[in-house]
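Single-letter residue listing:
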Amino acid sequence: MRLLICFICFQAALFAQEIKGTVFDASTASPLSGVKITGSEGQKVLSDIDGNFTLSYQQFPLQLVFQYESFYPDTVSLTEIKTLTISLNPKVLEKETVVVTSARRGQKVEEAPISLEILKPELINNKGITDLEKAVDQSPGVYAMDGQVSIRGGSGFAYGAGSRVLLLWNGVPLLSGDAGDAKWNTVPLESIAQVEILKGASSVLYGSGALNGIISLTEKEPTMKGETRIKMQHGVYGDPKRASLKYWNRNPTFQLLDFYTGKQFRRIGYTFSLAGFTDKGYRQGETEQRVRTGGTLFFRFNKVKNLKAGIGYNFQIQKTGNFIIWQSDSLAYTPSGGADTTIEGSTLTFNRGIRFSLDPYIRYIDAKRNLHALKTRLYWVENVNYNNLAQSSLSQVYYADYQFQKKWDQGSVVTLGTSFTQNRVNSSLYGDHHSNNAALYAQFEQKWKKLYVTSGLRLEYFEQDGKRGDSDYYFGKDSSKIPVFPVIRLGANYEVFKYTHLRASYGQGVRYPSVAERYTQTSVGSLNIFPNPFLQREVGWAAEIGIKQGVKISNWKGFLDVAGFINEYENMMEFAFGFYLPDSIAPSINPASPGYIPKWFGFKAQNAERARITGIEFSFNCEGKIGEVGLTALLGYTYMNPVSLNTDSAYRATFSDTTTNMLKYRFRHLAKADIEAQWKNWSLGGSFRYNSYMQNIDVIFETKSAGVEILPGLKKYRLEHNKGVPVFDLRLGYEFKETVRLGFIVNNLLNAEYMTRPGDIQAPRSFITQLQVKL
């Protein structure tokens, strides 16, 4: 009997032999998760979140093959038991660009079913860009206008209105709870791995706010080697072409200092960043001082394999000066009423702002390789108006998202999730309000060799101040309804040839009114704003068909992309000018009367617009080396036909050009280019931006109302400047031993005078000296 037991134990031990090991990235010494290990006996396993693997075998000799996307494969032959340490080398010159926004998982950019642009941190750093708004303005098809970002003409200009472009930081929305807008200068550019710009309605996976597209930033993952970077720059504004614009005796300057460090240990990793910026302003009184710190701390647990938990944080305090109405077209850099805020009539305001976010998260891969991810955020935004405390506000956003993702070997991927957002607003400007936004979402993906398809559905529920109805969905023309609003997404990508991908997509979007849009009541100089608590949601859809062609010459690779698109929107919100005296108040010409007529002319948020935007877009991006010269480029041209479908004559009368149905605050032509060449230690780069003439704006900005001209001289200025203006930037860099880089940057090289939104002439030529250090 003892011999039988010993024989059974021996056989069990023989067939239960295991090989253990860890797989690392040879370039960073960081563990690689998801490496495919295949044994010569047919065994298959994947490395876990720490790069560890265990593989059973029956007998020696044994051969193991290690495969991981964007890395060279490796093969190991074994004749005895040993613990393996495998280092895979990345395909540095062939490495694919991987994006996560389109599918909430890693995906090659050429396989995405929708148009995407990628901005690398090297471009942002080398150009001396100081906030995200300026960074995305360099991307093809994107236009920034005094805090409002538009993708392919999906947004016009409405100061203080909510954003139709959703901003994501590490996959979590980053819009304020009161205005529903993006605080572009709050984003820690010093910590980013890349910026992804997704074009078109994308509400299925990310919800309200993604009506016009998504701008998603991913934070750098720390490596085992660690990384520390420091950047310092000093800039000065030159004199504008027109002497009347110059308000200074000494040219205003601006400075930036940022610091980033990060390192990963066996079980713990961290990042930490610190940034400071000061700008004396080329517009009188529009100064800015801000200090920011942020980072992450995460843990991997010994007792629970494949579990990662962490917390991210970002804190910024700032003081800014702002004005939106100029003194005149000749004094466009001077605020209406002057820059002395102690004098009544000055439209310059000074504000203190605090932005704070706290992001706890958990990520777990279970025994069946299913992904469970919980992301949460507290986002606190406080604004204090020093000139008028009654215009101060405090908002808090509480967000949570749970996602489950399962993959099959046959190429299927299912993503299921639920999210919840609660906004709380305390403000004398808007009043106190709260809202709840809950959603369920699902997405299915399937890949058959060369064909990739995806479909998704999201159900959105929204209520504000306990009142339902904003998310009600009606079936046809009858009264049948459900309290959740559905949005869908469909997409396909087909690899026609090895480097040729054809794609098509359709996506719906929804955006609910913000507190600021519904409840703001204030005045700035002669500009009055009235509330509209009956404002309705915006809805829309976007469709496109496109082709992406890869190009590869030796160690240089690029993609040429062509896309035709159509976007359609209903209930688009805009601030419409009118006479808004309530029926309960009698009109009067007595200035002391509540019904004094001039007091009731102004702007109110209205669902005034139904619109369609069609167009075609060409873009090209590349990176790599041709011979001894490194070449990086991002080029694009967008043609748009943005038309109003609102035929109401009273509404059309608000257009500055009533002979056309072109949407207000849009362009037909938009061109962007950035090219940088590197040779030995030197680099030379240049940027180009162009948009055609803004044909239509609100006519009230070119005329008088009740004897008052809101923007004096604007009509004359637009008649004299009725062409698009090209803007060029130039930069030169020299690198010492790959650790120190000196840069010299000239923005607006030709000192062009150009305007984004009415009354906002942009900066004259500026000069920047820069030092980047990598430790």
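Residues numbered from 1 in each chain as written. Predicted model: local features only at pLDDT ≥ 70, side-chain atom pairs only at ≥ 80, totals over all residues. Heavy atoms only, no water.

Concerning the overall build of the chain
So, step 1. Looking only at helices and strands, the chain has 7 helices and 44 strands in total.
So, step 2. Relative to the compact-globule value of 28 Å for 775 residues, the chain shows a C-alpha radius of gyration of 28 Å, a close match.
So, step 3. Dimensions of the chain, computed from the C-alpha atoms along their principal axes, are close to 115 × 65 × 45 Å.
So, step 4. Within the chain, buried positions represent 54% of all 775 residues.
So, step 5. Within the chain, the 72 negative side-chain charges are centred at a point lying 4 Å from the centre of the 87 positive side-chain charges. (Helix = DSSP H or I, 4+ residues; strand = E, 2+ residues; numbered from the N terminus. Rg over C-alpha atoms; globule rule 2.2 N^0.38 Å. Buried < 20%, exposed > 50% of the residue type's maximum accessible area, 1.4 Å probe, protein only. Lys, Arg positive; Asp, Glu negative; His and termini not counted. Charge placed at Lys NZ, Arg CZ, Asp CG, Glu CD.)

As for the side chain of R731
So, step 1. In this structure, R731 sits in strand β42 (residues 727–736).
So, step 2. Using a relative accessible area of 4% as the deciding quantity, one classes R731 as buried.
So, step 3. Within the structure, R731 has its side chain in polar contact with the side chain of E676 (distance 2.9 Å). (Polar contact = N/O pair within 3.5 Å; in protein donor to acceptor, adjacent residues only side chain to side chain.)

Things to note about a nonpolar patch on the surface
So, step 1. Together, V629, W679, W682, L684, F728, L730, L732, F744, L749, L750 and F767 make up an exposed nonpolar region whose accessible area comes to about 970 Å².
So, step 2. It is β42 that contributes the most residues to the nonpolar patch, 3 residues altogether.
So, step 3. Secondary-structure assignment places L749 in the loop between β43 (740–747) and β44 (766–774).
So, step 4. For L749, a relative accessible area of 31% translates into the label partly exposed. (Patch = residues over 30% accessible without salt bridge, like charges linked within 9 Å, V, L, I, M, F, W, Y side chains within 5 Å. Areas by Shrake-Rupley, 256 points an atom, 1.4 Å probe, with all protein chains shown as cover. Salt bridge = Lys/Arg side-chain N within 4 Å of Asp/Glu carboxyl O.)

Quick word on the packing of aromatic side chains
So, step 1. Inspection of every chain in the model, using the stated rule, returns 27 aromatic pairs.
So, step 2. For the pair F603 and F701, a centre-to-centre distance of 5.6 Å together with 20° between the ring planes defines the contact as stacked. One end of the pair, F603, is in strand β36 (residues 601–626); the other, F701, is in the loop between β39 (682–691) and β40 (704–705), with 98 residues separating them in the sequence. Taken as a pair, F603 and F701 share a single burial class, namely buried.
So, step 3. With 5.4 Å between their ring centres and 80° between their planes, Y651 and F655 make a pair best called edge-to-face. (Phe/Tyr/Trp six-rings, centres within 6.5 Å; stacked < 30°, edge-to-face > 60°.)

Here's the deal with the pattern of salt bridges
So, step 1. Enumeration according to the criterion identifies 43 salt bridges in this entry.
So, step 2. For D137, the salt bridge identified is with K672, shortest N-O distance 3.6 Å. One end of the pair, D137, is in the loop between α3 (132–136) and β11 (142–145); the other, K672, is in strand β38 (residues 669–679), and 535 residues separate them in sequence.
So, step 3. Note on D137: relative accessible area 16%, which makes it buried.
So, step 4. On the basis of relative accessible area, K672 is assigned to the buried category, the value being 4%.
So, step 5. For K548, the salt bridge is made with D561, and the minimal N-O distance between the two is 3.1 Å. Within this pair, whereas K548 is found in strand β34 (residues 538–553), its partner D561 is found in strand β35 (residues 555–579), the two being separated by 13 residues in sequence.

A short note on the sheet that holds strand β1 (residues 17–25)
So, step 1. The 3 strands are arranged β4-β1-β7 in an open sheet whose pairing can be described as mixed. Of all the strands in the sheet, the pair left with one neighbour each is β4 (52–57) and β7 (84–88). Across the sheet, the mean angle from the axis of one strand to that of its neighbour is 30°, orientation sign disregarded.
So, step 2. Bridge count for β1 against β4 is 6 bridges, and the pairing is antiparallel. By the bridge assignment for β4, Q17 is matched with Y57. (Pairing = 2+ DSSP bridges. Axes fitted to C-alpha atoms, helices over the stretch in contact; angles between N-to-C directions.)

A few points about empty space enclosed by the protein
So, step 1. Taken as a whole, this structure holds 10 cavities of 30 Å³ or more when the rule is applied.
So, step 2. Roughly 520 Å³ of internal volume is contained in the second largest cavity.
So, step 3. Only α4 (203–206), β24 (393–407), β25 (412–427), β26 (433–448) and β27 (451–464) provide two or more residues apiece to the lining of the second largest cavity.
So, step 4. The leading source of residues in the lining of the second largest cavity is β25, at 5 residues.
So, step 5. Here the lining of the second largest cavity is composed, by residue class, of 13 nonpolar, 17 polar and 6 charged. (1 Å grid on protein atoms, 1.4 Å probe; cavity = no way out; pocket = protein on both sides within 12 Å on 5 of 7 lines; lining within 4 Å. Points joined across faces, edges and corners; volume = space filled by probe spheres on them. Nonpolar A, V, L, I, M, F, W, Y, C, P; charged D, E, K, R; others polar.)

Describing the pairing of strand β17 (residues 227–237)
So, step 1. The pairing of β17 with strand β18 (residues 253–264) spans 10 bridges and is antiparallel. Each residue of the ladder has a partner; that of Q233, found in β18, is L256.
So, step 2. Relative to β44, β17 is paired through 9 bridges, and the arrangement is antiparallel. By the bridge assignment for β44, Q233 is matched with Q770.

Overview of the sheet that holds strand β15 (residues 192–199)
So, step 1. Taken in spatial order, the 5 strands line up as β10-β15-β16-β13-β14 in an open sheet, and their pairing is mixed. In this open sheet, the two strands that pair with only one neighbour each are β10 (116–119) and β14 (172–173).
So, step 2. Here β10 runs beside β15; their pairing, made up of 4 bridges, is antiparallel. Note that in β15 the partner of E117 across the bridge is I197.

A closer look at the side chain of R718
So, step 1. Relative to the helices and strands, R718 is located in helix α7 (residues 714–720).
So, step 2. We classify R718 as buried; its relative accessible area is 5%.
So, step 3. Filtering out sequence-adjacent residues up to four positions away, R718 remains in contact with S656, Y693, M694, Q695, N696, I697, E702 and M755. (Contact = heavy atoms within 4.5 Å.)

Points about the environment of Q443
So, step 1. If you trace the backbone, Q443 turns up in strand β26.
So, step 2. At 2.7 Å, the side chain of Q443 forms a polar contact with the side chain of R489.

Examining unusual backbone geometry
So, step 1. The omega torsion across F60 and P61 is 0°, close enough to zero to call that bond cis.
So, step 2. With respect to the secondary-structure elements, P61 resides in the loop between β4 and β5 (62–67).
So, step 3. A positive phi is found at R369, a non-glycine position, where the angle reads about 70°.

Observations concerning the pairing of strand β23 (residues 371–385)
So, step 1. The pairing of strand β22 (residues 349–365) with β23 spans 13 bridges and is classified as antiparallel. Bridging from a neighbouring strand, R352 pairs with V384 of β23.
So, step 2. Between β22 and β23, which follow one another and run antiparallel, lie 5 residues, and R369 among them has a positive phi close to 70°.
So, step 3. Pairing between β23 and β24: 13 bridges, direction antiparallel. Of the residues in β24, the one forming a bridge with E382 is L394.

In short, shape yes, function no, at least from these values alone.
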